[in-house]
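# Structure assessment
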Amino acid sequence: DVKVTQSSRYLVKRTGEKVFLECVQDMDHENMFWYRQDPGLGLRLIYFSYDVKMKEKGDIPEGYSVSREKKERFSLILESASTNQTSMYLCASRSDREFPSYGYTFGSGTRLTVV
Amino acid sequence: AQTVTQSQPEMSVQEAETVTLSCTYDTSENNYYLFWYKQPPSRQMILVIRQEAYKQQNATENRFSVNFQKAAKSFSLKISDSQLGDTAMYFCACLTTSGTYKYIFGTGTRLKVLA
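The following paragraphs examine the structure supplied in this document. A quick note: this is a predicted structure, and the numbers were derived from the prediction, not measured.

With the rule as written, the count across this model stands at two disulfides over all chains. Here A:Cys23 is linked by a disulfide to A:Cys91, with a sulfur-sulfur distance of 1.9 Å. Taking the sign of the S-S torsion, -75° for the link of A:Cys23 and A:Cys91, the bridge is left-handed. Of this pair, A:Cys23 sits in strand β3 (residues 19-25) while A:Cys91 is found in strand β9 (residues 87-94), placing the two residues 68 residues apart along the sequence. The closest cysteine sulfur to the non-disulfide-bonded B:Cys94 is located on B:Cys92, 7.8 Å from its own sulfur. Judged by its relative accessible area of 0%, B:Cys94 falls in the buried class.

Below, the structure written as C-alpha cells:
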C-alpha cells in the first residue's frame, strides 16, 4: 500500500558528488514536495512543484535543485554535495481535490550522509 | 510569519496511561488548519488528526484527541490508553488556506511508550 516511494532508504556520498534523490507517487497528485528533517529543526521545505515542469523555492533552496518531468516523479538534486547536507530527506505529495482535509502523503525518507 | 512551537523535545509514558503533547502556533490568518503527524522509527510519517480552525468542537480519532484553544493559539494532542506502537516522533503543523498552502511544522516531540 506504499503510495509515495523514495528510491533509497540510505545513501552515502562523497563531498562534491552530484546526488539525485528520487520520489515517485502513484496517486495522481498534482503537488509534490521535498523537505529536509534535522533534529531540533523539524521539517523545512526545500522545493515544491504544483504541476509538471513547474517548481517553486521553499525556505531553504540553496544548494539544491529539482526536476519534475512527469507528474508522478519529483527529483531532488544536490549539485555538489557538502557535509552540511547530511540529513533526512522526505518527499510528500498532496491532491488539490482532497486538500486540505487529508493532509500530505509522505514517503519513508532517505537518510543521506555526505562524507 | 507563521510559527509552530513544540516545547517538549522528549516525553515518555507508561503503557495504558494518558499523555498530552503540547503545541502552540502563531498566525495572523483567520482561516487555517492544524494537524498532528506521527513518524514511527524508520517508517513514514502519517496523519494522526486534523482540526479546522473554524470548528469549535475538538477533533477526535479513536484514542487520539485534541484540545484546541483558538484564543490561546494552543493545539495539544492527547493520547489515551497509550500503546507501544505509539512510540514515535510527533509533529504539529499549521496550514493557512491562502497563498501557496505551505505547512509550517514544529520541531517535534519524541514520545516513548514504556512497557
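From this point, the narrative continues.
A regular strand places its side chains so that they alternate between the two faces of the sheet. All names here are of chain B. The side-chain alternation of strand β12 (residues 109-114) yields one buried face, formed by Thr109, Leu111 and Val113, and one unburied face, formed by Arg110, Lys112 and Leu114. Sheet analysis places strand β2 (residues 10-14) next to β12, joined by five bridges and oriented parallel. Directly across from Glu10, in β12, lies its bridge partner Arg110. As paired strands, strand β10 (residues 88-96) and β12 are joined by three bridges and run antiparallel to one another. What sits directly across from Met89, in β12, is Arg110.

Our next topic: the interface of chain B and chain A. On the side of chain A, 22 residues touch chain B, which itself brings 20 residues to the contact. Both sides together, the interface formed by chain B and chain A hides about 1800 Å², and carbon and sulfur atoms give 57% of it. Of all residues in chain B, the largest losses of buried area upon contact with chain A belong to B:Gln44, B:Lys102 and B:Phe105, amounting jointly to 28% of the total for that side. For the pair chain B and chain A, the number of links is zero salt bridges. Remark: the boundary between chain B and chain A carries four residue pairs in polar contact (both at pLDDT 80 or more). Secondary-structure elements contributing two or more residues to the side of chain B that touches chain A are β5 (32-39), β6 (46-52), β10 and β11 (103-105) of chain B. Split into classes, the residues belonging to the side of chain B that touches chain A amount to ten nonpolar, seven polar and three charged.

What follows deals with the pattern of salt bridges. Residue and element names in this part refer to chain A. A full pass over the atoms with the stated rule returns nine salt bridges over all chains. A salt bridge links Lys71 to Asp28, with the nearest nitrogen and oxygen atoms 2.9 Å apart. In this pair, Lys71 is assigned in the loop between β7 (64-70) and β8 (73-78) and Asp28 in the loop between β3 and β4 (31-38), connecting sequence segments 43 residues apart. Of the residues examined, Lys71 reaches a relative accessible area of 27% and is grouped as partly exposed. Asp28 gets classed as partly exposed once you look at its relative accessible area, which sits at 43%. Close ionic contact of Glu69 with Lys53 constitutes a salt bridge, the shortest N to O distance being 2.4 Å. Linking Glu69 in strand β7 with Lys53 in the loop between β5 (42-49) and β6 (56-57), this pair joins segments that are 16 residues apart in sequence.

Scoring rules and cut-offs
Residues numbered from 1 in each chain as written. Chains lettered and ligands numbered in written order. Predicted model: local features only at pLDDT ≥ 70, side-chain atom pairs only at ≥ 80, totals over all residues. Heavy atoms only, no water. Disulfide = S-S within 2.5 Å. Helix = DSSP H or I, 4+ residues; strand = E, 2+ residues; numbered from the N terminus. Buried < 20%, exposed > 50% of the residue type's maximum accessible area, 1.4 Å probe, protein only. Pairing = 2+ DSSP bridges. Contact = heavy atoms within 4.5 Å. Buried area = accessible area lost by both parts, 1.4 Å probe. Salt bridge = Lys/Arg side-chain N within 4 Å of Asp/Glu carboxyl O. Polar contact = N/O pair within 3.5 Å; in protein donor to acceptor, adjacent residues only side chain to side chain. Nonpolar A, V, L, I, M, F, W, Y, C, P; charged D, E, K, R; others polar.

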